[in-house]
2 protein chains.
Amino acid sequence: MRSSPAPRPPRRPTAADRLRQSARDLFYRQGIRAVGVEEIVQNAGVTKPSLYRAFASKDGLATAFLADYQQCFWDRIALVRAEHPDDARAQLLAYFDGLAERSAAADYRGCALTNAILEYPDRAHPVRQEAARLKHQVRDWLVDRAQQMGATNPEQLADGLILLMEGAYVVGQAFPPPGPAARVGACARLLIDAQCGPG
Amino acid sequence: MRSSPAPRPPRRPTAADRLRQSARDLFYRQGIRAVGVEEIVQNAGVTKPSLYRAFASKDGLATAFLADYQQCFWDRIALVRAEHPDDARAQLLAYFDGLAERSAAADYRGCALTNAILEYPDRAHPVRQEAARLKHQVRDWLVDRAQQMGATNPEQLADGLILLMEGAYVVGQAFPPPGPAARVGACARLLIDAQCGPG
DNA sequence: CACGTTACGTACCGATCGGTAACATCGTCA
DNA sequence: TGACGATGTTACCGATCGGTACGTAACGTG
C-alpha cells in the first residue's frame, strides 16, 4: 500500500519553477529594478547559471513574472463570474468590493503590471511592453462587461472603471488604510448606475 | 546708467539650483532609481562633489525634487482658482479637464509623487515618506473643495476624485493616447454631480 | 598684500550590478 | 552500464552604482 498514490512522486520542483516563485515574491514586494538576480537565485535556492539557463535575462524572468502575476487577476475574475453567472454588474461590483478590501492591507502593493509600467517609462522596453499588452486585455474585458450591462457608451464606462481600478491600485499604497481606495466599490456603483439603464 | 538695475547681476545659477533643475528633468522622465548621480551632475554641468555639498545624498536630492515638482501642482491649482473664484466645482472640473488633456501627450509621465511612491515600496524610505506627505496635502485640499460644493459626504467625494486623479496619472502612461485617461473629466463630472445637490 | 571662506574639479573608493565560462555531480532511462 | 539532460560549484567579467578624500581657483575683507 502506497501512502501517496499520486503518479508524480513529490519531486523538488524544477529550477525554472522555483525561480518563477522567487521572482513573484521579490519582484512584487520590492519592484523589479530593486531586486538583484543574486537575491532571486538565493531565495529560490538555485544558482545563477540556472537562472540564465531557464531565462534569457533578468528582463526575460521579469516578463514571465508579469504573465504569471496577471493569471491571478483572471483567476479572480473567474471566481466572481462563477459566483454571479450572467450578471455582469454583480461580477464587476464583486471584483471592486474585493479590491477595496485587499487595498486596505497594511502592506498592499497594488498591481504588479501597473507598478512595472511606472518602473519602466521607456515604451520600447520589453518588460513595459508585456505589461501594457496584459493591461489592454483587461480593458477589452471591461468593455465587454459594459456592453453586457447595456451601457449607453460601453467604452466610456469601461474607461471610467479602469480609472477607478488603477486609482485604487496606486492609492492603496499611498495612503495608510483605510484610505481612499476603500471607497472604490462605492464609486464603481455610482459610475455604473449613472451610465446604465437603472436596473 | 545700468542696463540691469537688478541688485543681482545675471550670474550663473548656483550649483544647487542647476542640480535641482537637472534632477527635475531626469528624475521625472526616467524615474529616480533609473538615473545615476553621474548623469545628474553631467546634465547639470557640475561635478559630483558639488552635489554632495548641496545635498546630503541622492535621496536628499530626490526629496527636494519631489517638493519642487509638487509646487507645479499647486501652481496649477492657483491658476484654476483665479479663473473660477468662489466656484469650487468649476475649479475642480478645470483641473480635471486639463489633466485629461495633458495625459494625452505621447510621452506623458504622470505625477512624480505617485511614481516615486511606487518606486519605493518601503514605507520607511525618506523619499517615499516625503511623497506621501505631499499627497496628503492634496487630499486635504480635495476634502475642502468637496465641503465647499456642499457634498453629502465630503470625504467620500474627495476619495472618489483622488481615485480618478491617480487613475489618470497612471493610465495616461499605460495606454497610448487617447486612452481612458482622456475621460477623467467626464468621470469627475459624474461623480461630483452624483454626490452634490444638483446645481 | 595676506587671509579665510566658498565653490569647484580630479581622481578614486568599495560595493553591487547583470551576466558568463568551465567543470563537477546527480538522477533517469535505455 | 553508459549516455544524457538538468543542476550545482566556483570563479570571474566589465560596467556602473552611490559616495568621498584631497587639492585648487576665485573672491570679499582686513
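About the cut-offs
- Residues numbered from 1 in each chain as written.
- Chains lettered and ligands numbered in written order.
- Predicted model: local features only at pLDDT ≥ 70, side-chain atom pairs only at ≥ 80, totals over all residues.
- Heavy atoms only, no water.
- Least-squares fit on C-alpha atoms with pLDDT ≥ 70 in both.
- Contact = heavy atoms within 4.5 Å.
- UniProt positions renumbered as here; feature names shortened; annotations may be inferred.
- Helix = DSSP H or I, 4+ residues; strand = E, 2+ residues; numbered from the N terminus.
- Near = heavy atom within 4 Å.
- Polar contact = N/O pair within 3.5 Å; in protein donor to acceptor, adjacent residues only side chain to side chain.
- Nonpolar A, V, L, I, M, F, W, Y, C, P; charged D, E, K, R; others polar.
- Phe/Tyr/Trp six-rings, centres within 6.5 Å; stacked < 30°, edge-to-face > 60°.
- Buried < 20%, exposed > 50% of the residue type's maximum accessible area, 1.4 Å probe, protein only.
- Domains from an automatic or database assignment.
- Buried area = accessible area lost by both parts, 1.4 Å probe.
- Salt bridge = Lys/Arg side-chain N within 4 Å of Asp/Glu carboxyl O.

Engineer: Could you clarify how one ought to interpret the relation of the copies chain A and chain B in this entry?
Structural biologist: Each copy of the chain is related to the other by a rotation around an axis and a translation along that axis. Screw-axis analysis of chain A against chain B gives a translation of 0.0 Å along the axis, an RMSD of 0.0 Å, and a rotation angle of 180°. What the superposition gives is, in effect, a two-fold axis relating one chain to the other. Among all residues of chain A, the one whose C-alpha sits closest to the rotation axis is Gly167 of chain A, at a distance of 1.9 Å. An overlap of 100% is found between the interface residues of chain A and their copies at the interface of chain B, pointing to a shared contact surface.

Engineer: Sorry if this is basic, but what is going on with the UniProt feature "domain: HTH tetR-type" (unreviewed entry) in chain A here?
Structural biologist: With numbering matched to this structure, UniProt assigns "domain: HTH tetR-type" (unreviewed entry) to residues 13-73 of chain A. Note that residues 13-73 of chain A is 77% helix and 0% strand, and that its end C-alpha atoms are spaced 24 Å apart.

Engineer: Could you clarify how one ought to interpret the protein's contact with DNA strand D in this entry?
Structural biologist: DNA strand D sits among 17 residues. The nearest are Ser50 and Arg53 of chain A together with Lys48, Tyr52 and Lys58 of chain B. Near the protein, within 4 Å, the atoms of DNA strand D are sugar or phosphate in 45% of cases. Between DNA strand D and Val37 of chain B, the relevant distance is 2.9 Å, taken from a phosphate oxygen to a main-chain nitrogen or oxygen of the residue. For DNA strand D, a phosphate oxygen lies 2.5 Å from a polar atom in the side chain of Lys58 of chain B. Mapped onto the surface near DNA strand D, the elements with two or more residues apiece are α3 (48-54) of chain A together with α3 (48-54) of chain B. Residue composition of the surface near DNA strand D, by class: seven nonpolar, six polar and four charged.

Engineer: Explanation requested: the side chain of Ser22 of chain A in the structure shown.
Structural biologist: Residues and elements named next belong to chain A. Position of Ser22 among the secondary structure elements: in helix α1 (residues 15-30). Within the local environment of Ser22, its side chain forms a polar contact with the side chain of Asn43, the two groups lying 3.0 Å apart. Setting aside anything within four residues of it in sequence, one finds Ser22 in contact with Ile40, Asn43 and Ala44.

Engineer: For this particular structure, what's the right way to read the packing of aromatic side chains?
Structural biologist: What characterises a pair of aromatic rings is the spacing of the ring centres plus the angle enclosed by the ring planes. Residue and element names in this part refer to chain A. What the rule picks out here adds up to 14 aromatic pairs over all chains. Their ring planes at 90° and their centres at 6.3 Å tell us that Trp74 and Trp141 sit as a pair that is edge-to-face. A residue pair is termed long-range when its members are at least 10 positions apart, and Trp74 in helix α4 (residues 58-83) and Trp141 in helix α7 (residues 126-148) qualify at 67 residues. Under the relative-accessibility criterion, Trp141 is labelled buried at 9%. Members of the aromatic cluster, joined through ring pairs, are Phe73, Trp74, Tyr95, Phe96 and Trp141.

Engineer: Before we go on, may I ask you to explain the domain arrangement of chain A in this structure?
Structural biologist: A common way to state how big an interface is: give the accessible area lost once the parts meet. All names here are of chain A. Considered domain by domain, chain A is made up of domain 1 (11-55) and domain 2 (66-195). For domain 1 versus domain 2, the separation of C-alpha centres amounts to 27 Å. Contacts between domain 1 and domain 2 engage 10 residues on the former and 11 residues on the latter. Contact between domain 1 and domain 2 buries roughly 980 Å² in total, counting both sides, with carbon and sulfur atoms accounting for 47%. Applying the counting criterion to the domain 1 and domain 2 interface returns two salt bridges.

Engineer: Where do I start with the protein's contact with DNA strand C in this structure?
Structural biologist: As a matter of local geometry, DNA strand C sits amid 13 residues, with Lys48, Tyr52 and Lys58 of chain A together with Thr47 and Arg53 of chain B nearest to it. When the atoms of DNA strand C within 4 Å of the protein are sorted by group, sugar and phosphate make up 47%. The side chain of Lys48 of chain A places a nitrogen or oxygen atom 2.2 Å from a base oxygen of DNA strand C. Take Lys58 of chain A: an N or O atom from its side chain is 2.7 Å from a phosphate oxygen of DNA strand C. For the surface near DNA strand C, the elements supplying multiple residues, two or more each, are α3 of chain A together with α3 of chain B. Here the surface near DNA strand C is built from residues that sort into seven nonpolar, three polar and three charged.

Engineer: Is there a simple way to think about unusual backbone geometry in this case?
Structural biologist: Note on backbone geometry: most residues besides glycine have negative phi, and most peptide bonds are trans. Residue and element names in this part refer to chain A. The residue after Pro177, namely Pro178, is reached through a cis peptide bond having omega 0°. Its location among the elements puts Pro178 in the loop between α8 (154-174) and α9 (184-195). Positive phi, normally seen in glycine, also occurs at Asp86, with a value near 60°. Structurally, Asp86 is set in the loop between α4 and α5 (88-102).

Engineer: For this particular structure, what's the right way to read the UniProt feature "DNA-binding region" (unreviewed entry) in chain A?
Structural biologist: Within this numbering scheme, the UniProt entry marks residues 36-55 of chain A as carrying the feature "DNA-binding region" (unreviewed entry). Counted over residues 36-55 of chain A, helix gives 75% and strand 0%. Its end C-alpha atoms are 15 Å apart.

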